[in-house]
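# Overview (structure and organization)
Each chain, letter by letter, is given below.
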Amino acid sequence: IRLVAACCLLVSFSLFCFMLRRPPSSPLFPSPTPVRSRVLPPGRSLAVRFRAGETLDETALLALLEPLLDAVAAAHAAGVVHGGIGPDAIYVDDDFTAPVIDFTTGLPAPAVAATPDPDYAAYEMRAPDGVPTPATDLYGLAAVLYRAVAGEPPMDALARRREFAERKLDPLMPAAVAGHGRFGPPLLKAIDKALALKPRDRPQAIAEWRTLFVAPA
């Protein structure tokens with residue numbers, strides 16, 4: 001299973017790197033604005049699975065997450081922020097193994113990728129002057145985890161920011177509340193930390209975020 005997962009991730013990441021290397025005159029880039037590839041990754045997207053009512057327990061969720069973190073960390077190391085992570089960008093096999101994240105929308109930071117799903121987009125991806133950073137992708141991954149835990153995506157970041165400004169209270173139900181008794185505290189804490197509205201309040205790198213998933217000794 002690990003070998004299959006690694007191969008799928010390699011193919012996806014290689015495709016994303018290939019597209020970034022293509023010159024502007026390439027057929028893949030008929031204009032200065034990059035476009036999504038028509039080549040779909042293997043498996044079905046998490047969005048399709050969620051709509052079908054499929055669920056994940058903590059063991060399956062963490063097994064799905066681990067290779068995704070590897071892929072996103074590799075992109076960040078190459079100076080690329082995806083900017084559009086959501087269930088539509090994550091593909092998995094029928095048994096929820098070998099996840100592949102579609103990087104064909106990713107662009108070199110600080111460029112903004114294709115319009116993200118507002119349900120999973122960080123505030124800086126919705127704001128006119130927003131600049132994507134690795135913390136933006138951590139928000140997207142945490143939003144996907146929140147959907148798996150709570151059964152619905154987190155509150156739209158723009159609406160959440162407006163309500164927070166008016167009431168001085170975050171209107172988003174914490175994952176620690178939504179998943180209490182069904183998921184472990186470290187996982188729920190990691191989700192809530194990466195869903196912070198302000199990028200500076202989130203973990204700044206995959207390696208930092210990974211430490212939160214481990215229960216204190």
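Here's what I pulled together on the structure shown here. A quick note: this is a predicted structure, and the numbers were derived from the prediction, not measured.

## Comments concerning the nonpolar core
With 40 residues, the main nonpolar core has Leu61, Ile90, Leu145, Ile191, Leu195 and Trp209 as its most contacted residues. Those elements that provide at least two residues to this core are α2 (46-51), α3 (58-77), β3 (90-92), α5 (134-150), α8 (185-194) and α9 (206-210). With 10 residues, the single largest contributor to this core is α5. Among all residues touching Leu195, those that are not within four sequence positions of it are Tyr139, Ala142, Ala143, Tyr146, Pro154, Arg160 and Leu172.

## A few points about unusual backbone geometry
Located in the positive-phi region is Lys168, a residue other than glycine, with phi close to 60 degrees. Here Lys168 shows up in the loop between α6 (157-167) and α7 (175-178).

## Side note on the pattern of salt bridges
In total, this model carries 8 salt bridges according to the counting rule given. Note that Glu54 and Arg44 form a salt bridge whose closest N and O atoms lie 3.2 Å from each other. With a gap of 10 residues between them, Glu54 in the loop between α2 and α3 and Arg44 in strand β1 (residues 44-45) connect regions that are remote in the sequence. Look at Glu54 and you get partly exposed, because its relative accessible area is 24%.

Scoring rules and cut-offs
- Residues numbered from 1 in each chain as written.
- Predicted model: local features only at pLDDT ≥ 70, side-chain atom pairs only at ≥ 80, totals over all residues.
- Heavy atoms only, no water.
- Core = buried A, V, L, I, M, F, W, Y, C linked by side-chain atoms within 4.5 Å.
- Buried < 20%, exposed > 50% of the residue type's maximum accessible area, 1.4 Å probe, protein only.
- Helix = DSSP H or I, 4+ residues; strand = E, 2+ residues; numbered from the N terminus.
- Contact = heavy atoms within 4.5 Å.
- Salt bridge = Lys/Arg side-chain N within 4 Å of Asp/Glu carboxyl O.

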